[in-house]
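Notes for the structure review
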Amino acid sequence: MPAVTGVRRRLGFIAALGVVMPLLALPGVAHADDELGEESQGAQQQAEVGDDGTVSVAVGGVVFDRSENGSGGSAGALRASSSWSPPPCWYAPKYSPEQLQEYVEPIWEAGSTGHEWDAVQRKKYLNPDDPEKDFNKDRTGEGYWWGSYVNDSFPPGWDSCDEDYFWVEQGDPPPAGIENAVTPEVLAELAYAEIRVPGTEVTLAPAEAAKVNLPTWAWLDGAQFKPVSVTASVPVIGIEATATAVPVSLEIEPGTPDAETFPVSGVCGIDGGRIGEPYARGKAERTPPCGVEYLRSSGEGTFPLQATVTWEIEWTGTGGAGGDLPDGSFGATQDVVVQEIQAINR
């Protein structure tokens, strides 16, 4: 069947480029009237819009609630601390029996996929002894045909979900052995990819310019670094999972080897909901709990200080499921001027 698989993958790619398939109706989810985009393999992406902007979006058979997500122009996606990455594609309920029939029969009639492939497909979905059972129409309302969806950024492995449509009875788990068929854990992994955390520009003191051989204090406002979360759900089968990111540390890289960090590791832990400690008058003789000391000036230029926050990710899901996912990090670079001044009054 290699040829059939190849044809199926090409069809999936063609569909991803714009062939619109019917979207399985998701009960209990209000959608905006305007279509915001098209998910890979044709499923429409639709959003629920509240007074505070878009808080949930249905994409790829999954509804994402982003109301507890990080926001703002500097917010960004997490980078996993290991080689792990969220699923590039997944399987979820896609069609009712009638919807699948409506989609595939025109393809068979067109003949563009080849007689052999069409014949194999007809055997999968048609019942020669009882047409009422074609596409499981006699079980309408008792389950769904599941199909594959693709992350619309087409990451490596996006074409690995090449199983044909398969039937799952309502309340039953997906067949064992089909990787990335949605379960609470897979939903948590998909939610991970939707998490956005605030930017990481640290506050420095002195604010205008650091001074050679004098500590520069660094800190982050605790109000900006609270846990954020995204919930992914499949309402038609009643499962969901929430992935929550909790900030745990800040790593400072001065941008030059001619510097020392506080602490020596350059990793500042979170304490009382805040990372680092704000500088105030009277602290000039103290060593900052989080900061950097430059040993030479930046001359006419600047040093690119990199500030990266590490976030621990935990998840909970339907049926008491839960666990941990790989830590994620998000950072930003800011330019620091370092002046050759040996002493300063603070």
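Structure shown above.
Here's a quick rundown of the structure. (Residues numbered from 1 in each chain as written. Predicted model: local features only at pLDDT ≥ 70, side-chain atom pairs only at ≥ 80, totals over all residues. Heavy atoms only, no water.)

Observations regarding the packing of aromatic side chains
Aromatic ring pairs are reported here in terms of the distance separating the ring centres and the angle at which the planes meet. Applying the stated criterion across every chain, the model contains twelve aromatic pairs. With a centroid separation of 4.8 Å and 70 degrees between ring planes, the pair formed by Trp 84 and Tyr 192 is classed as edge-to-face. Of this pair, Trp 84 sits in the loop between β6 (79–80) and β7 (89–95) while Tyr 192 sits in helix α4 (residues 184–194), and the two are 108 residues apart along the sequence. When its relative accessible area of 22% is taken as the criterion, Trp 84 is described as partly exposed. Ring geometry for Trp 217 against Tyr 279: centres 5.5 Å apart, planes inclined by 65 degrees, an arrangement best described as edge-to-face. With Trp 217 in strand β13 (residues 215–220) and Tyr 279 in the loop between β18 (274–276) and β19 (291–294), the pair connects residues that are 62 residues apart, well separated along the chain. Exposure class is identical for Trp 217 and Tyr 279. Each is buried. (Phe/Tyr/Trp six-rings, centres within 6.5 Å; stacked < 30°, edge-to-face > 60°. Helix = DSSP H or I, 4+ residues; strand = E, 2+ residues; numbered from the N terminus. Buried < 20%, exposed > 50% of the residue type's maximum accessible area, 1.4 Å probe, protein only.)

Description of the pairing of β19
Consecutive side chains of a regular strand alternate in pointing toward one face of the sheet and then the other. Alternating positions in β19 separate into two faces, Gly 291 and Glu 293 on one and Val 292 and Tyr 294 on the other, with burial throughout. As defined by bridge partners, β13 adjoins β19 across three bridges and the pair is classed as antiparallel. Paired with Thr 216 across the strands is Val 292, a residue of β19. Sheet topology places strand β16 (residues 259–262) next to β19; four bridges connect them, and they run antiparallel. Residue pairing in the sheet places Phe 262 in a bridge with Gly 291 of β19. (Pairing = 2+ DSSP bridges.)

Re the nonpolar core
Note that soluble globular proteins tend to have their nonpolar side chains buried in a common cluster. Counting 63 residues, the largest nonpolar core has Val 62, Leu 78, Val 182, Leu 187, Leu 250, Tyr 294 and Trp 311 as the members making the most contacts within it. Looking at this core, the element that brings in the most residues is strand β20 (residues 303–317), giving seven residues. Not counting chain neighbours up to four residues away, the residues in contact with Leu 78 comprise Tyr 192, Ile 195, Val 197, Ala 245, Trp 311, Ile 313, Gly 328, Ser 329 and Phe 330. Formed by twelve residues, the second largest nonpolar core is a distinct cluster that contains Val 104, Tyr 125, Phe 135 and Trp 167. (Core = buried A, V, L, I, M, F, W, Y, C linked by side-chain atoms within 4.5 Å. Contact = heavy atoms within 4.5 Å.)

What about the state of the cysteines?
Throughout the structure, instances matching the rule amount to two disulfides. Here Cys 89 pairs with Cys 161 through a disulfide, and the sulfurs are 2.1 Å apart. In this structure, the disulfide formed by Cys 89 and Cys 161 twists by about 85 degrees around the S-S bond and is classed as right-handed. Of this pair, Cys 89 sits in strand β7 while Cys 161 sits in the loop between β8 (143–150) and β9 (166–169); the two residues are 72 residues apart in sequence, bridging distant segments of the chain. (Disulfide = S-S within 2.5 Å.)

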